[in-house]
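One-letter residues, chain by chain:
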Amino acid sequence: MSPIHFTLDGQSVTAQPGESLLDVAQRCGTELPHLCHRDGLGSPGNCRACVVDVQGERVLAPSCCRAPVDGMVVHTASDRATRARRSVLELLLADAPATTALKHDSELAHWAEQVGARADRFPARAPVGQDASHPAMAVNLDACIQCTRCIRACRDVQGNDVLGLAFRGGHAQIVFDQADSMGSSTCVACGECVQACPTGAIAPAHGVFSKPAQKQVDSVCPFCGVGCQLTYHVSDERIQHVSGAQGPANEGRLCVKGRFGFDYAHSPERLTVPLIRKPGVPKDPLNLQRRDWRELFREATWDEALDAAAAGLRRARERQPATGRGAAVAGFGSAKGTNEEAYLFQKLIRSAFATHNVDHCTRLCHASSVAALMEGLGSAVVTNPLRDVQHADFVLLIGANPAQNHPVGASWIKNAVRRGTRLVLADPRRTELARQAHTHLAFHPGTDVALLNALLHVIIEEGLTDPAYVAAHTLDFEQLRAHVADFPPEAMAPVCGIPADTLREVARAYAGARNSMILWGMGVSQHTHGTDNARCLIALALITGHIGRPGTGLHPLRGQNNVQGASDAGLIPMVLPDYHRVSDAASRAQAERLWGLAPGSLGSEPGLTVVEIIDAAHAGRIRAMLIQGENPAMSDPDATHAREALAGLDHLVVQDIFLTETAALADVVLPATAWPEKTGSVTNTDRCVQLGRKAVAAPGQARADAWITEQLARRLGLPWGYGIAPDGSATADAGQGIGAVFEEMRALMPSIAGLSWARLQREGAVTYPVADEADPGHPVVFTDGFPTPSGRATLVPAELRAPAERPDAEFPLVLITGRQLEHWHTGSMTRRATVLDALEPAPVVSLHPDTAARLGLGAGDAARVRSRRGSVQLPVRLDAGMPADAAFIPFAYAEAAANLLTNPALDPVGKIAELKYCAVDVRPATVPA
């Protein structure tokens, strides 16, 4: 489309198609008041604060929503337009007095001052009052100017449909749902309305908007894998509030955890001094809930604690009968820290103890997905960013609940559906996104392969494949064809519980769409057949050619903020950084040279995985462990077994920010820095490497994990000389500190070879692979082949196998575990965030109302949930979205730890535990088993 030429205030100007008069005026340096308009929210033109005079027109035009046309003559400073804008602001001032008391940078107050508007020209309306019913936000409708930005932020951006405009005329007001109080409404506390409100009518509770922060620091959210960029607003070394930043994954959006879950860093329960277990104090695996550290430990100096930590690890090393898998030492690193911390941790374990016994939470997250992707595609990365749903015509979302676990990601899905994308949700539970879904496939728990093989059968049987793509880019199609011939929908319908006609409809829609995308979560991966589940999804994409283009591909949603980066950095027992197999001699030799190790120091045998390490510790083969920021006493399946294993170690060293359930079993506890207290890189679920920046000082003597790791390495005989700052800070110098760690890391990682420390600091976010400094990065991969010897992907058939443990007469229900919107992982951070804990303070077991009634349970009643491994007691929550034969428990609550119940049976390939399926008995707590 051609540019538009018109006259603005006597000057000839040019507008691009899609620009408004306000856009052009701002670009030309003319400031016009505006309140209903905000970038990213559209412009309804309802406040009339931005009106201009268009020559020849009877009425003034709102510049925010008026498009210029060729030859138009516009006057922004005419007497009529100027007086009208001032009058609008004076009317608003009369109704919304002293908004700066609520929001120091009130836009209404700013524009009123700019135009000289008076607050006393018109009478004020009757006061409306404040709604303080929500823990996170306060509503003061006296300050509301009804610009509707909050409504558009809620509906159009986040897709939540909570806010609306009710009543008429002078009685009109913003309401939550059906004029409910905010605290009792369906608001999910994403705070998008807070960020959009120009006057503070909706603002964080406790008045933090009333004065400016002393500094602002851009960083990255420390919670889920979406990787939202945010800005910390800091005064007196405390985070006052958080706003969304314009990051590639979120464009200013945040969820309740990212916006209101920050004050865990300032919790009085923070560890602030090194601790050594008191002599004679036993390790009690049965009493781990929120212990006061003074009962178990004594304070120590850093030198004393580090010496003690290293001495115990050295003793285990000296006594170990073998190296490799037989080593007596193992380490659990963390996906909650930085790439540099993960890299140093795996380097320490491998270099100091001659073993690959090092792992992290990916083993309990997407290990089966990684195994299937490596096997089929030669790479475990996501093929397309999550936001690519905006380019998709069809999205299959299976075994994931983004509205709870990846809320900003869910907002992109809702936006896509609104634009016409067809969403199919496959999940035994009817979760929030079922409202947006075209079809909900509520299959029986544990029957994923039956459902997916039926889809493959239809696509192949009906000739819906992409033959050219299959011929050019895949191997073993005929084997897959022969295998799925035995899985017609009519045979699989009784197995998975989905009618055959529905299975055929979904298969045709997926294959026939121009662009189809698959998203999945731990509902796919956390099964003994998790690798088979992922194999089926990979085959769906490959045989239809839905890969290698925008809006297509395969995206396993990463659960923690840096699980992708920690895996990339080599925090996995069978691979070195960038997924080079430990069995590959050339890769081992490269690492040995870079790390200054003797040739042959790194063994070729993969190490033990998370659950295998715990089993080996329980059996007495692993005698000492170093754990950084992980909490296996809560996160591992069959937690009683895991706690006994940890308690039985000769020596356990834990680096953490709280005395977690795992730290309570340690011999030495080293206080670490929280996420806002250090600088380093993280990699989100989209493969985007982003820079997190230090915002506040750590409390007391807490030190950065990377510094702790370097100090331990030196005491274990490794000549490390990075010079990492103990306070978590970093400089622009790529030759020392965190910069030096990053540069060493990328020397082993071709995927980020072109991403220097200087470039990361300059750009803040780059998506790998990035080959050189000039490479912009590649959000979509596998556009012309796969990183396999043949350049082709392998199609791997999946057998139909039952879960390891099926319901029976004694344990008749299936237990499903997972996360909640308000809490994350084991709750060590979010349960110490005041707003989040106020919103969801206690554990619950969710049951379908009919199931609960059959069991003699009502909402709020105490239930006992029992498996073959343990039992917990907790209140009942009724949820009509639950299957009739299942129960759901979140695993963030130590007082009712879901993993006391779960099954440690492993997927034979991915070595991931079946956390999403075990048999349980549920009954009133007063009824004996």
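Before reading on, note that the structure itself is shown above.
Computed from a prediction, not measured in an experiment: that's the story for all the values here.

(A) Quick look at the overall build of the chain. Check the secondary structure of the chain and you find 29 helices and 40 strands. Here the C-alpha radius of gyration of the chain, 29 Å, is about what a compact globule of 929 residues would show, namely 30 Å. Counting only C-alpha atoms, the chain reaches 90 × 70 × 65 Å along its principal axes. A total accessible area of about 32100 Å² is found for the chain, and carbon and sulfur atoms account for 51% of it. Between the averaged position of the 86 positive side-chain charges in the chain and that of its 98 negative side-chain charges there is a distance of 2 Å.

(B) Inspection of the sheet that holds strand β10 (residues 202-204) at higher detail. Pairing is antiparallel in the open sheet, where three strands are placed in the order β6-β7-β10. Each having just a single partner strand, β6 (130-131) and β10 make up the two edges of the open sheet. As defined by bridge partners, strand β7 (residues 137-140) adjoins β10 across three bridges and the pair is classed as antiparallel. Across the sheet, the residue bridging to M137 is P204, located in β10.

(C) Inspection of the environment of D303 at higher detail. The residue D303 is located in helix α8 (residues 302-319) in this model. Spatially, the C-alpha atom of D303 lies 36 Å from that of R762, the residues being 459 residues apart in sequence.

(D) The arrangement of the sheet that holds strand β14 (residues 275-277) in detail. Strand order in the open sheet formed by seven strands is β15-β14-β28-β27-β26-β16-β17, with mixed pairing between adjacent strands. Looking at which strands have only one partner, the edges of the open sheet turn out to be β15 (297-299) and β17 (358-359). Its contacts with the sheet put α8 on β14, β15, β16 (329-332), β26 (624-628), β27 (651-656) and β28 (668-671), and the angle it makes with β28 is roughly 130°. Running at roughly 140° to β16, helix α22 (residues 610-618) makes contact with β16, β17 and β26 of the sheet.

(E) Layout of the packing of aromatic side chains. Taken as a whole, this structure holds eight aromatic pairs when the rule is applied. Judged by centre distance (5.5 Å) and plane angle (80°), the rings of F223 and W824 are edge-to-face. Taken as a pair, F223 in the loop between β11 (215-220) and β12 (229-235) and W824 in the loop between β33 (813-818) and α28 (834-839) lie far apart in primary sequence, 601 residues in all. Take F223 and W824: they sit in the same class, and that class is buried. Three or more aromatic residues joined by ring pairs form one cluster here, namely F223, Y264 and W824.

(F) Structural detail: helix α13 (residues 448-461). If you check α13, its first and last C-alpha atoms are 20 Å apart, about what 14 residues at 1.5 Å a residue would give, namely 20 Å. Counting buried positions along α13 gives 13 out of 14 residues, so the element sits mostly inside the fold. One or two residues past the end of α13 sits G463, with phi positive at roughly 65°.

(G) Main features of helix α26 (residues 737-747). The element α26 is extensively covered by neighbouring structure, given that nine of its eleven residues are classed as buried. Those residues of α26 lying buried are G737, I738, G739, A740, V741, F742, E744, M745 and R746.

(H) The pattern of salt bridges, seen in detail. The full count for this structure, using the stated rule, is 51 salt bridges. Note that R422 and E505 form a salt bridge whose closest N and O atoms lie 2.8 Å from each other. With R422 in strand β19 (residues 422-426) and E505 in helix α17 (residues 500-512), the pair connects residues that are 83 residues apart, well separated along the chain. R504 serves as the salt-bridge partner of E462, at 3.1 Å between the closest nitrogen and oxygen. Pair noted here: E462 is in the loop between α13 and α14 (467-473) and R504 is in helix α17, with a separation of 42 residues, a long-range link. The class for E462 is partly exposed, based on a relative accessible area of 29%. The network of salt bridges with shared partners includes E461, E462, E490, R504 and R508.

(I) The pairing of strand β1 (residues 4-8), seen in detail. Across the two faces of β1 the burial differs, with I4, F6 and L8 buried and H5 and T7 not buried at all. Both β1 and strand β2 (residues 11-15) contribute to a ladder of five bridges, which runs antiparallel. Within β2, the residue paired with H5 across the bridge is T14. In this antiparallel pair of consecutive strands, β1 and β2, the connection spans two residues, and D9 shows a positive phi of 50°.

(J) How the structure looks around the packing of α13 against helix α16 (residues 489-496). Interhelical geometry of α13 versus α16 gives an angle of 165° and a closest axis separation of 9 Å. Relative to α16, the element α13 lies roughly antiparallel. As α13 runs across α16, the sense of the crossing is left-handed. Residue-level inspection shows A450, L451, A454, H457 and V458 of α13 in contact with α16, the latter providing P489, M492, V495 and C496.

(K) Representation of the packing of α16 against α17 in the model. α17 packs onto α16 with a crossing angle of 110° between their chain directions and a minimal axis gap of 8 Å. In terms of orientation, α16 and α17 fall into the roughly perpendicular class. Note on packing geometry: the crossing formed by α16 with α17 is right-handed. Side by side, α16 and α17 meet where P489, E490, A493 and C496 of the first sit next to A500, L503 and R504 of the second.

(L) Seen up close, the pairing of β7. Across the two faces of β7 the burial is the same, with M137 and V139 and A138 and N140 all buried. Across two bridges, β6 lies against β7 in antiparallel orientation. Paired with D131 across the bridge in β7 is V139.

What counts, and at which threshold
- Per chain, residues are indexed from 1 in the order of the written sequence.
- For a predicted model such as this one, the threshold for reporting local features is a pLDDT of at least 70, and the threshold for listing and counting side-chain atom pairs is 80 or more; totals across whole chains, interfaces and linings nevertheless cover every residue.
- Excluding hydrogens and water, the side-chain figures rest on all heavy atoms present in the structure.
- In this description a helix means any DSSP run of H or I spanning at least four residues, a strand means any run of E spanning at least two, and both kinds are numbered starting from the N terminus.
- Here the radius of gyration uses the C-alpha set of atoms, whereas the globule reference equals 2.2 Å times the residue count to the power 0.38.
- Surface accessibility in these figures is a Shrake-Rupley result with a 1.4 Å probe; residues are shielded only by whichever protein chains are displayed.
- Residues scored as charged are limited to Lys and Arg (positive) and Asp and Glu (negative), so that His and the chain ends carry no count.
- All charge positions are set by atom: Lys at NZ, Arg at CZ, Asp at CG, Glu at CD.
- Two strands qualify as a pair provided DSSP detects at least 2 bridges between them.
- Residue contacts are counted whenever heavy atoms from the two residues lie within 4.5 Å of one another.
- Geometry is summarised by axes, namely lines fitted to C-alpha atoms with helices restricted to the contacting stretch, and by angles between N-to-C directions that run from 0 to 180 degrees.
- Only centres within 6.5 Å qualify two rings of Phe, Tyr or Trp (six-membered ring in Trp) as a pair; their planes then separate them into stacked at under 30 degrees, edge-to-face at over 60, and tilted for everything else.
- Think of it in three bands: residues with accessible area under 20% of the maximum for their type are buried, residues over 50% are exposed, and the middle band is partly exposed, with areas taken using a 1.4 Å probe on protein chains only.
- Expected helix span is computed as 1.5 Å times (number of residues minus one).
- Put simply, a salt bridge is a Lys or Arg side-chain nitrogen that is within 4 Å of an Asp or Glu carboxyl oxygen.
- For classification, angles of less than 35 degrees are called roughly parallel, those exceeding 145 degrees roughly antiparallel, those between 65 and 115 degrees roughly perpendicular, and all remaining angles oblique.
- By the definition used in this description, the sense in which the near helix is turned from the far one sets the handedness, with an anticlockwise turn below a right angle giving left-handed and a clockwise turn giving right-handed.

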